[in-house]
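Working through the structure, step by step
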Amino acid sequence: MSTSGVDVDRAARLLLGGGVVAIPTETVYGLAATARDAIAVRRVYDLKGRPASHPLIVHFADADGAGEWAQHWSPETDALAQRFWPGPLTLIVERADFVPDFVTGGLSSVALRVPDHALTLQLLRVVGDGLAAPSANKFGLVSPTTAQHVRADLGNGVDYVLDGGPCRIGVESTIVDCTVDPPQILRPGAVTVEDIETVIRSVAASSGPSRAPGMLSSHYAPKCRLVLVESGARPTEPMSGSTRTLDARVNPSTFAREMYAELRRADDDGIDSLLIELPEPRGIGLAIRDRLSKAAAGR
Ligand code: TXA
Ligand code: MG
């Protein structure tokens, strides 16, 4: 792992010159370009193989920087930003007039986040503006939680990988849509409903098909077959071929941190079926269940 300012300066130089750089965050690695550079952002979409209609999250060093990209900054938005940034929370707000369509997929809203990772915060301060970054994986496949995962997925396509070690949380940020009243969770993550309701009076839980473009029902998918079982239940389908079992119930936070690496490991080891015992649907357990059900969809 690198802790050197030299690496941050190199990453900043490349980004300011129109490059594409993989950056560490506390959730997963992102594939970053400066958010006002149409050509660099286009390269991010091309490298991922992601449809241009799927909007990106713009990352900032602090809430003041993020706020400039918003049309309105409501008291509730501010309360969430003050309490959880830097941290694994993305806020959807009405966008300021200058915010480019190529970042928002043409939506009138924009997704903003201040990530909690020392190297990337340093990088954001040097760059001095927003970095648009989706997770640094190929479209539809497993998100990367180490620099090695990024290199395995994107190889030479990316100009530089800023190695910040393994991600501390391991699943993508909680997304809260602040353009509706009450605000609504579009994607569960490490910041939970209970956490959010300590700050604002109420938040609507994510329910049914997500309104966030790009949250397809099949996502985060490994090659092996995923079999998900509720605590204490038995698989309803017969297991065949080589099988591995993982238990997400004992320590959901630790499981979340290792989850994507485990999906990759199962494929690297040629496992046919991965059986996972699901955690309770609360806290980070909701995020684990959300990602695994999408990873298992359609196979
Ligand atoms: O933890 C994370 O959020 C990571 C790290 C790199 O920051 N990023 C991440 O980005 O997960 P991505 O692109 O893989 O997922 C972003 C999600 C997409 O599902 C996208 O549709 C949604 O955020 N999104 C972005 N802008 C939106 C908007 N204006 N309205 C609704 N959903 C939006
Ligand atoms: Mg993603």
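The written sequence of each chain sets the order in which its residues are numbered from 1. All chains are assigned letters beginning with A, and all ligands numbers beginning with 1, in the order in which they are written. Local features in a predicted model are, by the rule used here, given only for residues with pLDDT of at least 70; side-chain atom pairs are given and counted only at 80 or more, and totals for whole chains, interfaces and linings are based on all residues. Computation of side-chain values covers all heavy atoms of the structure but excludes hydrogens and water.

1. Some remarks on the pairing of strand β12 (residues 273–277)
Burial classes: relative accessible area under 20% of the type maximum marks a residue as buried, over 50% as exposed, and values in between as partly exposed (1.4 Å probe, protein chains only). By definition, any uninterrupted DSSP run of H or I lasting at least four residues is a helix, any uninterrupted run of E lasting at least two residues is a strand, and each is numbered from the N terminus. Burial runs high along β12: five of the five residues are buried. Judged by which residues are buried, β12 turns out to be covered on both faces: S273, L275 and E277 on one side and L274 and I276 on the other are all buried. In this structure, strand β11 (residues 243–247) lies alongside β12, joined through five bridges in parallel fashion. Within the sheet, the bridge partner assigned to L246 lies in β12 and is I276. Handedness rule for crossovers: strands pointing away from the viewer, path from the first strand over the helix to the second running clockwise, crossover right-handed. Running through helix α9 (residues 252–268), the crossover from β11 to the neighbouring parallel element β12 is right-handed. The rule for pairing is simple: two strands pair if DSSP sees at least two bridges between them.

2. With respect to the sheet that holds strand β7 (residues 160–161)
Backbone hydrogen bonds hold the strands of a sheet together, and the pairing may be parallel or antiparallel. Reading across the sheet, the nine strands line up as β7-β1-β2-β6-β3-β5-β4-β8-β9 and stay open at both edges, with mixed pairing between neighbours. Unpaired on one side and paired on the other, β7 and β9 (184–187) mark the two borders of the sheet. When strand β3 (residues 57–59) meets strand β5 (residues 109–113), the two strands line up parallel, connected through three bridges. Bridged to I57 within β5 is A111. Against the sheet, helix α4 (residues 75–84) contacts β4 (89–94) and β8 (174–177), and its axis sits at roughly 155 degrees relative to β4. By definition in these notes, contact holds between two residues if any of their heavy atoms fall within 4.5 Å. Angles run from 0 to 180 degrees between N-to-C directions of axes, and those axes are lines fitted to C-alpha atoms, restricted for helices to the stretch in contact.

3. Observations concerning the sheet that holds β12
Reading across the sheet, the three strands line up as β10-β12-β11 and stay open at both edges, with parallel pairing between neighbours. Pairing within the sheet leaves two strands with one partner each, and these edge strands are β10 (225–229) and β11. Neighbour-to-neighbour, the strand axes of the sheet open up by a mean angle of 20 degrees, direction not taken into account. The sheet contacts of helix α10 (residues 284–296) involve β10 and β12, and relative to β10 the element is tilted by about 135 degrees.

4. Quick word on the side chain of S135
Within the secondary structure layout, S135 lies in the loop between β6 (131–132) and α7 (147–154). A distance of 2.6 Å separates polar atoms of two side chains, one belonging to S135 and the other to N137. Once residues lying within four places of it in the same chain are set aside, the contact partners of S135 are V28, Y29, G30, L31, K48 and S143. Polar contacts, as used here, are pairs of N or O atoms within 3.5 Å; protein pairs need one atom able to donate a hydrogen and one able to accept it. Residues neighboring in sequence count only if both atoms are side-chain atoms.

5. So, the domain arrangement of the chain
For the purposes of this description, domain bounds are those given by an automatic or database domain assignment. Entries for the chain in the domain assignment read domain 1 (4–205) and domain 2 (225–297). For domain 1 and domain 2, the distance between their C-alpha centroids amounts to 26 Å. Contacts between domain 1 and domain 2 engage 20 residues on the former and 13 residues on the latter. The term buried area refers to how much accessible surface (probe radius 1.4 Å) is lost by two components on association, counted for both of them together. When the buried area of domain 1 at its contact with domain 2 is split by residue, V142, V171 and P188 rank highest and sum to 38% of it. Counting the contacts that link domain 1 with domain 2 gives seven residue pairs in polar contact (both at pLDDT 80 or more). Classification used: nonpolar for Ala, Val, Leu, Ile, Met, Phe, Trp, Tyr, Cys and Pro, charged for Asp, Glu, Lys and Arg, polar for all others including Gly. Looking at the side of domain 1 that touches domain 2 residue by residue, the class counts come to eight nonpolar, seven polar and five charged.

6. Overview of the pattern of salt bridges
Counted as salt bridges are all cases of a side-chain nitrogen of Lys or Arg within 4 Å of a carboxyl oxygen of Asp or Glu. Applying the stated criterion across every chain, the model contains 17 salt bridges. Here D181 ties to R201 by a salt bridge, and the two come within 3.4 Å at their closest N and O atoms. Here D181, found in the loop between β8 and β9, pairs with R201, found in the loop between α8 (193–196) and β10; they are 20 residues apart in sequence, far enough to count as distant. Taken as a pair, D181 and R201 share a single burial class, namely exposed.

7. Thoughts on the packing of helix α1 (residues 5–16) against helix α6 (residues 118–127)
Remark: α1 packs on α6, axes separated minimally by 9 Å, with the N-to-C direction vectors making an angle of 45 degrees. Between α1 and α6, the crossing angle belongs to the class labelled oblique. At the point where α1 passes α6, the crossing takes the right-handed sense. Of α6, the residues touching α1 (which contributes G5, V8, D9, A11, A12, L15 and L16) are L119, Q122, L123, V126 and V127. By residue class, the composition of the contact of α1 with α6 is nine nonpolar, two polar and one charged. An angle counts as roughly parallel when it lies under 35 degrees, as roughly antiparallel when it exceeds 145, as roughly perpendicular when it falls between 65 and 115, and as oblique in every other case. Less than a right angle of anticlockwise turn of the near helix away from the far helix marks a crossing as left-handed, whereas a clockwise turn marks it as right-handed.

8. Some remarks on the packing of aromatic side chains
Working definition: a ring pair exists when centres of Phe, Tyr or Trp rings (six-membered ring for Trp) sit within 6.5 Å. Plane angles under 30 degrees give stacked, over 60 give edge-to-face, the rest tilted. Scanning the model with the defined rule gives four aromatic pairs in all. Pairing F60 with W69 gives two aromatic rings, centres 5.6 Å apart and planes at 65 degrees, and the pair type is edge-to-face. Comparing F60 with W69, the two get one shared label, buried. When the centroid spacing of 6.0 Å and the interplanar angle of 20 degrees are considered together, the rings of Y220 and Y260 count as stacked.

9. Here's the deal with helix α2 (residues 38–48)
Looking only at α2, the buried set comprises A40, V41, V44, Y45, L47 and K48. One side of α2 carries all its buried residues, which in axial view fall inside an arc of 165 degrees. For α2, the exposed residues set more than 90 degrees away from the buried face come down to I39 and R42. Contact partners of the buried residues in α2: β2 (30–34), α5 (101–104), β6 and α7. Two or three places before I39, at the start of α2, stands the capping residue D37, its side-chain oxygen 3.1 Å from that residue's backbone nitrogen. Once α2 finishes, G49 follows within two positions and takes phi at roughly 75 degrees, a positive value. As used here, the arc is the angular range of directions from the helix axis to the C-beta atoms.

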